[in-house]
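Single-letter residue listing:
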Amino acid sequence: HGFGVLGHNGRGSAELAGLDADEHVLVAGTASKALGGHGGLVAGPRARIERILDRCAWTAGSTPPPVPVAAATAVALRIARNEPGLRARLHANAAALRARLQALGIALDPEAASTPIVALHAPRGRDVEDLHAALRDDGILVPVLGAYGGLKEKMLRIAVFATHEPAHLDALADALRQRM
C-alpha cells in the first residue's frame with residue numbers, strides 16, 4: 001500500500017514500517033495509483049520472484065500490459081526514484097490541505113495524516129452525493145467513495161497531487177467552507 005508515496009524512498013507502507021525487500025520480505029505495489037501506470041509489481045530477490053511466477057497458476061493466464069503502458073510505468077518508476085522532490089511536494093500539499101480543512105473545523109482522521117488521501121464525511125443533514133454535485137458545479141471533482149471494505153457510509157475521497165498549486169487547495173477549502 002502507498003507504493004510511490006509512503007516511506008522515505010516511496011517504497012510504500014513496508015518501507016514506512018522499516019521493512020525492505022530481502023530474502024524474507026517481498027514488497028508488492030500497484031502501478032496504477034501514484035505511478036499512473038497499470039498492473040502490480042513485486043520486488044524481491046530474483047529467485048523468489050521466479051518461484052512465485054512458476055507456482056502461481058494465476059500468472060500463467062494473465063495478460064501483460066500493452067508495451068506503451070509498461071514503458072510509461074517504467075519511466076514513472078524512474079521519475080519516482082530520481083525526483084524525490086515530487087514526493088516532498090506531494091506531502092507538503094497534503095499537509096497544507098489538511099491544515100486548511102482543520103482551520104475550517106473539519107475533523108480529519110489523524111491516522112491517515114501520512115497519506116495524500118483525505119476522506120471527508122458529509123456534515124450532518126447533508127448527503128455526500130449532494131456535496132459531490134455542489135463541488136462539481138464549482139468546477140472541483142472529488143469522487144464519492146462508496147461503502148465497501150468495512151466503510152459504513154459513503155464519503156468524499158480527495159486525492160492530493162504534487163502538481164496541485166496553492167490556489168487549487170484554496171479553491172477546494174473555500175468551496176467546502178461554503179458547502180459544509
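Here is what the cut-offs are and how they apply
Residues numbered from 1 in each chain as written. Predicted model: local features only at pLDDT ≥ 70, side-chain atom pairs only at ≥ 80, totals over all residues. Heavy atoms only, no water. Axes fitted to C-alpha atoms, helices over the stretch in contact; angles between N-to-C directions. Helix = DSSP H or I, 4+ residues; strand = E, 2+ residues; numbered from the N terminus. Parallel < 35°, antiparallel > 145°, perpendicular 65-115°, else oblique. Left-handed = near helix turned anticlockwise from the far one by under 90°. Contact = heavy atoms within 4.5 Å. Nonpolar A, V, L, I, M, F, W, Y, C, P; charged D, E, K, R; others polar. Salt bridge = Lys/Arg side-chain N within 4 Å of Asp/Glu carboxyl O. Buried < 20%, exposed > 50% of the residue type's maximum accessible area, 1.4 Å probe, protein only. Lys, Arg positive; Asp, Glu negative; His and termini not counted. Polar contact = N/O pair within 3.5 Å; in protein donor to acceptor, adjacent residues only side chain to side chain.

Side note on the packing of helix H5 (residues 84–103) against helix H7 (residues 166–179)
Turning to step 1, where the next piece is worked out: Packing of H5 against H7 brings their axes to within 10 Å, and their N-to-C directions diverge by 25°. With respect to their mutual orientation, H5 and H7 come out roughly parallel. Taken as a pair, H5 and H7 cross one another with a handedness that is right-handed. Facing H5, whose interface residues are Asn93, Ala96, Leu97, Arg100 and Leu101, H7 presents Pro166, Leu169, Asp170, Leu172, Ala173 and Leu176.
Turning to step 2, where the next piece is worked out: Looking at the contact of H5 with H7, its residues break down into eight nonpolar, one polar and two charged.

A word on the pattern of salt bridges
Opposite charge on two side chains allows them to pair when their charged atoms are near.
Turning to step 1, where the next piece is worked out: Within the structure shown, the criterion is met by six salt bridges.
Turning to step 2, where the next piece is worked out: The partner of Arg89 in a salt bridge is Glu165, with the nearest N and O atoms 3.1 Å apart. With Arg89 in helix H5 and Glu165 in the loop between strand E5 (155–159) and H7, this pair connects stretches of sequence that are 76 residues apart.
Turning to step 3, where the next piece is worked out: Its relative accessible area of 38% is what places Glu165 among the partly exposed residues.

Some details on the side chain of Arg87
Turning to step 1, where the next piece is worked out: Turning to its location among the elements, Arg87 is positioned in helix H5.
Turning to step 2, where the next piece is worked out: It turns out Arg87 is buried and unbridged, and the closest side chain with the opposite charge, Glu15, is 6.5 Å from it.
Turning to step 3, where the next piece is worked out: In terms of polar contacts, Arg87 uses its side chain to reach the backbone carbonyl oxygen of Ala80, at 3.3 Å.

Some details on the packing of helix H6 (residues 128–137) against H7
Turning to step 1, where the next piece is worked out: Axis separation between H6 and H7 bottoms out at 10 Å; the angle between their running directions is 130°. In terms of orientation, H6 and H7 fall into the oblique class. Remark: the crossing between H6 and H7 carries right-handed chirality. Residue-level inspection shows Leu131, Ala134 and Leu135 of H6 in contact with H7, the latter providing Leu172, Ala175, Leu176 and Arg179.
Turning to step 2, where the next piece is worked out: Residue composition of the contact of H6 with H7, by class: six nonpolar, no polar and one charged.

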